[in-house]
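Remarks on the overall topology
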Amino acid sequence: MARIELTHVTKRWGGFYAVDDLDLLIEDNAFVTLLGPSGCGKTTTLRMIAGLETPTTGKITIDGVTVFDSDAGINVPANKRRVGFLFQNYALWPNMTVFQNIAFGLSNIKEPGLSVTPEGEIVRNPDAGGTPRKLTKEEIKSIVARVSAIVKIQPFMDRYPGELSGGQQQRVAIARTLAPGPKVLFMDEPLSNLDAKLRLEMRSELQRLHLSTGSTFVYVTHDQMEAMTLATKICLISNGVLQQYDAPLTVYNRPSNTFVADFVGNPAINFMNARGSQQADGSFSLRLLENYDAVFTPAEPVQTESWYAQAEKEIAEFDAKVRPAEKTNKDVPFNYPIAMVNDVPDSREPDREDWVVGVRPEFVHICEDGPIEGEVFSAMPTGMETTVRIRVGNFLLTSVVFGGITYRIGEKIRIRFTGSGATLFSRVNGRLVATGTVEVK
Amino acid sequence: MTTVAVNRSGGFRRFWNKVWTYLSKPQNAILLILGIILTVTTIYPLLTIARDTVVVHPGSIDNLPDAQGSKFEAFGTTLTTYNWSNLFTESITTRVGRQRVTQSVASVYLWSPLLNSVLVSIFACFGAILYGGVFAYLVTRTNLKFKKYLSSIFIFPYIMPQWTLAVMWQNLFNSNAVTGGSDGLFVTLFNAYMPKWWCEGIFPVSVVLAIHYAPFAYILIGGIFRNMDANLEEAATILNTPRWKTFLRVTLPLVKPAILSTVLLVFSSAMGSYPIPHYLKLNTLSTQYVGMSSDRAGEASILAVIMMLFGFLILIVNQRTTSGRKNFTTVTGKSGQSSTVNLGAAKYVLSILFVLLTLFTGILPIILFAVETFLPNPGDFSFIKYGINGHMTTKWWITSENVTENGMYGQKGILYNADIWKAFGGTFLVAICCALLAGTIGTLIGYCVSKNRRSKWAAYVNNMAFLPYLMPSLAVGVAFFIFGSGVGIYNTFLLLILAGTVKYIPFASRSALNSMMQLSGEIEEAAIIQDIPWWKRMSRIIIPIQKTSIISGFLLPFMTCLRELTLFMLLCGQGMIITTMLGYFDEMGLYAFSSGINLILIVLILLFNTLVNKLTGASIDSGIGSDS
């Protein structure tokens, strides 16, 4: 059971909060990605769990063992936490061969009840007692043989890291991390230095690795695609604050605020400012894209008044948090992008009649009888799909059409919003009000 | 009551846990220990100088006017303001020619040597930067010929003992008519009598200091030129900027930080230099300190304090500027090749000019020292005119018995002289110990500071280790002299090793810090994660990766120690190490002996440098400069 629990973990340098009061529960055998823009605190979080960075306050437990507790003054050093860590730049030791790189950590293990299966897998049974022993040369060889077979680097065992390509170095780093059989594996943007094709390949290998090792994986990335495809759960962080912690498709379909909606998904979600109010039947009658009337029907009932009351309570709670130092990296509302041909700044202070409607590109459907009139602004066919940007008045909407269809730029087309995956956010605080359908009249 | 107790023990436990966690990181524990040691070894001797200016010295005890109330009791001893008041308010009468002139004590003992010190330091800075900077530019950015040869010979004057060039200057230009003594090479060869200002005083001291420290400028400025991304200049060229404008507005500002470092380094080194002004007869603070009679011991300490103040001043300026230095990242690593300027026909002229110049500064001193050991009379080059027979001798080398006649003053020849070889042994002992200690401590500091970049304590320890670097050598020597005499270890190897270690830690800590900063922290973290113990991480990963710069960290103190005079001369008797022995032979007028020792010393240092360079790739020019 390698379950990781973070409770009220904060890391700050003076008034700069790299991680701000983070609560996180990582289940055993999970594949959790920490996702966010660069500098949001995700790497710091990972390094704090691994013990390479010391949190300012909070508590961290791994596998039921408290490894850090600021109140009790407990701080188990990284080397005693028994975790694996895959570094962004691989951190292979340049003065050692591939074999030595993998074997070096193994030659250092000394504990009781140690055995190695014929397949080269370490079996730890510390309760068996006996005197602590080290691994023999043969045992180390068989372990190295096993892990190097997993990542297919057997031909390079006598080479130095400098003589390997980036992808091969990456594999060596993985083998080195796997060798001691860690229960938890941390990865800090391990694929960011590889080219696109190799990245795709390694992604699928990491997924298989997760399955075969049965370890808990915590993975840092700024690439939402990587997070979506690999993770069992995504932890989205911005400015040191947790934004959403959910399964990838939940994050995609029910983003908790405009930041999450914008960050996840490629091409990005279409945001439209809307104005209107909730009707007696629970639907919202809105005016959007300058001069279109629309009705947003929530999938689950929502009450504007009570929703606002709840949101304001939560915001007040967040603001009321006692902080030893004023947060200099202030939490400002996310400035969601609205694509326009000519940017018109909107400086009006939003009120409770103001909403933001989000429609994913796959729900912007081009069809002959669509209620919205537009023209093709640009079209980017990839063969499998075509991304079309459509001009509606001064606004731009992105649509993804399956198949290689050629559009002429300037061509007049009509569109409609389909499906039940539209999202409604409050413009006052950027939070998700409801998901549902949006119908333009 | 019980709750209070519980809280208390809980609080204590928490505190203890925190302390334990902090110290269980080796870099923290090492920093704590080294910080305390360095504070004692660096600050305490400096404080002793300050104290020395207010204590009553045996030599001046009779002068103390009791009635004036200049004595007072403090800190359990009798202190006095006499040293300060005498230096700054009294007058003395000296003879200038036939006239008796009354001047203030301060102007004779302080202001005029201080002025000389500052003047030669400034001139030396200008000279070193001009000579070294132009050379750096030519070697790195133009198609100059013989680059490889020139760049290795250019740093010879710096590798050789400081007085080498001063002695050579004497050998070249002195004449019986102008300076007294034997006629030098110029008179013998060309019958050219150089004027007195050329032979002694501010001019030759500045020139010799400039040549000696020009390698600093070459190494520091050349390093930037070499690594500078050619794109920076090419970008200006693309915008159709004239070449001179590119140089003035792009290139020069980029090397400005290096120029500034050179200025600080040369200034503080020149300030504390003793041998050069001593040989070339200029009264500076250093020579004045040494020449101060024992009845003015307290006042001498005031001179040392003033020298130290300059050191602190330079340290402060250095601190101010290093923060700005980071603003320039000249190494972007994108563009590998740097464009070279085509010098055209000037290529050959400049190449030959520099070959000749370096011949004078690098090769000739060695030849002259060698020749000197075969001359029957010091500086007597008459063999050139009259032939070798009878005008050259091997007696300085091979006399194996004790003879008083023959000008040997009872000394055996160099090859048979047990005193000389004993002194060499002493020098090696000191050099090896200093190198091992300074190298180890410096490397550890470099490692620990690079691990704790944000910590204030690490910054403090780093500064403490760096402080002696910019302190004039003589001031450090004085500090350890007073300190050593106080604790009763004067004239012991222990004191020499202590002073040498403290003075040379910066070499090692600097080169270690620079290289450790470039080593990604993840390299070590990858080992920490796998529970590899600290000593194994050091011995198997960190040290093997950084071996070149770590070896330079050991090499620099060793080489510098071999030829160190200024720092050590106050700390021991003359026979203890070879450089002080050399001074003794000079005083005795046995110049052949001192030349022979110089020769052996230079050849040894060059040999070591080449050997280590060939074996490990580390070299003096990869580290940073020192003074001697």
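Residues numbered from 1 in each chain as written. Chains lettered and ligands numbered in written order. Predicted model: local features only at pLDDT ≥ 70, side-chain atom pairs only at ≥ 80, totals over all residues. Heavy atoms only, no water.

Some remarks on the overall build of chain B
When its secondary structure is counted, chain B shows 27 helices and four strands. In chain B, which comprises 628 residues, the proportion classed as buried is 52%. Residue pairs in contact within chain B that sit at least 24 positions apart in sequence constitute 74% of those at least 6 positions apart. For chain B, the accessible surface area stands at approximately 28,200 Å², while carbon and sulfur atoms represent 64% of it. (Helix = DSSP H or I, 4+ residues; strand = E, 2+ residues; numbered from the N terminus. Buried < 20%, exposed > 50% of the residue type's maximum accessible area, 1.4 Å probe, protein only. Contact = heavy atoms within 4.5 Å. Areas by Shrake-Rupley, 256 points an atom, 1.4 Å probe, with all protein chains shown as cover.)

Topic: helix α20 (residues 456-470) of chain B
All names here are of chain B. Its 15 residues give α20 an end-to-end C-alpha distance of 21 Å, which sits within 8% of 21 Å, the value for a rise of 1.5 Å per residue. Taken as a whole, α20 carries its principal kink of about 25 degrees at Met464; the proline Pro468 stands between one and four residues after it. What α20 keeps buried is the set Ala458, Val461, Asn462, Met464, Ala465, Phe466, Leu467, Pro468, Tyr469 and Leu470. Capping the start of α20, Ser455 holds a side-chain oxygen 3.2 Å from the backbone nitrogen of Trp457, two or three residues further along. (Expected span 1.5 Å × (residues − 1). Bend = angle between axes of the 7 residues up to and from the residue. Polar contact = N/O pair within 3.5 Å; in protein donor to acceptor, adjacent residues only side chain to side chain.)

Digging into helix α1 (residues 42-50) of chain A
Residues and elements named next belong to chain A. Taken across its nine residues, α1 has eight buried, putting it largely inside the fold. Of all the positions in α1, only Lys42, Thr44, Thr45, Leu46, Arg47, Met48, Ile49 and Ala50 are classed as buried. Trailing α1 by a residue or two, Gly51 shows a phi angle of about 95 degrees, which is positive.

Digging into the sheet that holds strand β3 (residues 31-35) of chain A
Through backbone hydrogen bonds, the strands of a sheet pair up, either in parallel or in antiparallel fashion. Residues and elements named next belong to chain A. Within the open sheet, the six strands sit side by side as β7-β12-β13-β3-β14-β15. Their pairing is mixed. In this open sheet, the two edge strands, each paired with only one partner strand, are β7 (83-86) and β15 (241-246). Adjacent strand axes in the sheet meet at a mean angle of 15 degrees when their direction is disregarded. Here five bridges tie strand β14 (residues 233-238) to β15, and the two strands are oriented antiparallel to one another. Note on β15: the bridge partner recorded for Ile237 is Leu242. (Pairing = 2+ DSSP bridges. Axes fitted to C-alpha atoms, helices over the stretch in contact; angles between N-to-C directions.)

Brief notes about the domain arrangement of chain A
Residues and elements named next belong to chain A. When the domains of chain A are assigned, the result is domain 1 (4-253) and domain 2 (268-440). Here the C-alpha centre of domain 2 lies 38 Å away from the C-alpha centre of domain 1. Around 1,100 Å² of area is buried between domain 1 and domain 2 when both sides are counted, 40% of it from carbon and sulfur atoms. Contact with domain 2 buries area across many residues of domain 1, yet Tyr17, Asn239 and Tyr252 alone supply 45% of it, more than any other trio. (Domains from an automatic or database assignment. Buried area = accessible area lost by both parts, 1.4 Å probe.)

Considering the domain arrangement of chain B
Residues and elements named next belong to chain B. Along its sequence, chain B is carved into domain 1 (25-50 + 405-628) and domain 2 (123-290 + 337-393). Between domain 1 and domain 2, the C-alpha centre-to-centre distance is 25 Å. Contacts between the two partners involve 35 residues from domain 1, matched on the other side by 31 residues from domain 2. Carbon and sulfur atoms make up 73% of the surface buried where domain 1 meets domain 2, a total of about 2,900 Å² over both sides.

Notes on the pattern of salt bridges
Residues and elements named next belong to chain A. As enumerated under the stated definition, the model contains 30 salt bridges over all chains in all. Here Glu205 ties to Arg171 by a salt bridge, and the two come within 3.7 Å at their closest N and O atoms. With Glu205 in helix α5 (residues 196-213) and Arg171 in helix α4 (residues 166-178), this residue pair connects regions lying 34 residues apart in the sequence. Owing to a relative accessible area of 11%, Arg171 belongs among the buried residues under this scheme. Of the charged contacts, one joins Arg275 and Asp354 as a salt bridge, the two residues approaching to 3.2 Å between their closest N and O atoms. Within this pair, whereas Arg275 is found in strand β16 (residues 270-278), its partner Asp354 is found in strand β19 (residues 354-359), the two being separated by 79 residues in sequence. Assessed through its relative accessible area of 36%, Arg275 is described here as partly exposed. The class of Asp354 is buried, set by a relative accessible area of 1%. (Salt bridge = Lys/Arg side-chain N within 4 Å of Asp/Glu carboxyl O.)

Here we look at the side chain of Thr579 of chain B
Assignment of secondary structure puts Thr579 of chain B in helix α26 (residues 578-588). With near-sequence residues (within four places) excluded, Thr579 of chain B lies in contact with Trp163, Thr427, Leu562, Arg563, Glu564, Leu565 and Leu601 of chain B.

Things to note about the interface of chain A and chain B
Reports often express the size of an interface as the amount of accessible area lost when the parts come together. With 32 residues of chain A at the interface, the matching set in chain B holds 23 residues. Across the chain A/chain B interface, buried area totals approximately 2,400 Å², and carbon plus sulfur atoms make up 54% of it. Contact with chain B buries area across many residues of chain A, yet Trp93, Phe104 and Asn108 of chain A alone supply 24% of it, more than any other trio. Linking chain A to chain B there are two salt bridges. We note a salt bridge from Asp531 of chain B to Lys80 of chain A, for which the minimum N-O separation is 3.3 Å. For the side of chain A that touches chain B, the class distribution of residues is 15 nonpolar, 13 polar and four charged. (Nonpolar A, V, L, I, M, F, W, Y, C, P; charged D, E, K, R; others polar.)

Digging into the pairing of strand β26 (residues 432-440) of chain A
All names here are of chain A. Most of β26 sits out of view: seven of its nine residues are buried. With five bridges connecting them, strand β18 (residues 292-298) and β26 associate as antiparallel partners. Bridge assignment links Ala294 to a residue of β26, and that residue is Val440. Two elements, strand β25 (residues 422-426) and β26, share four bridges in a ladder whose sense is antiparallel. When the bridges of β26 are listed, Ala422 appears paired with Gly436. Here β25 folds back onto β26, and the loop between the two strands holds five residues, one of which, Gly430, carries a positive phi near 75 degrees.

Here we look at the environment of Leu185 of chain B
All names here are of chain B. On the secondary structure map, Leu185 appears in helix α8 (residues 185-190). Exposure remark for Leu185: the relative accessible area of 12% places this residue in the buried category. Through-space distance from the C-alpha of Leu185 to that of Thr393 is 18 Å; in sequence the pair is 208 residues apart.

Focus on the packing of helix α4 (residues 105-141) of chain B against helix α5 (residues 147-154) of chain B
When two helices pack together, you describe them by how their axes are tilted relative to each other and by the distance separating the axes. Residues and elements named next belong to chain B. Running from N to C, α4 and α5 cross one another at 155 degrees; their axes reach a closest spacing of 11 Å. As far as their axial angle goes, α5 and α4 are roughly antiparallel. α5 is crossed by α4, and the crossing has left-handed handedness. Note on element contacts: α5 touches α4 through Lys147, Leu150, Ser151 and Phe154, opposite Tyr131, Gly132, Phe135, Leu138 and Val139. (Parallel < 35°, antiparallel > 145°, perpendicular 65-115°, else oblique. Left-handed = near helix turned anticlockwise from the far one by under 90°.)

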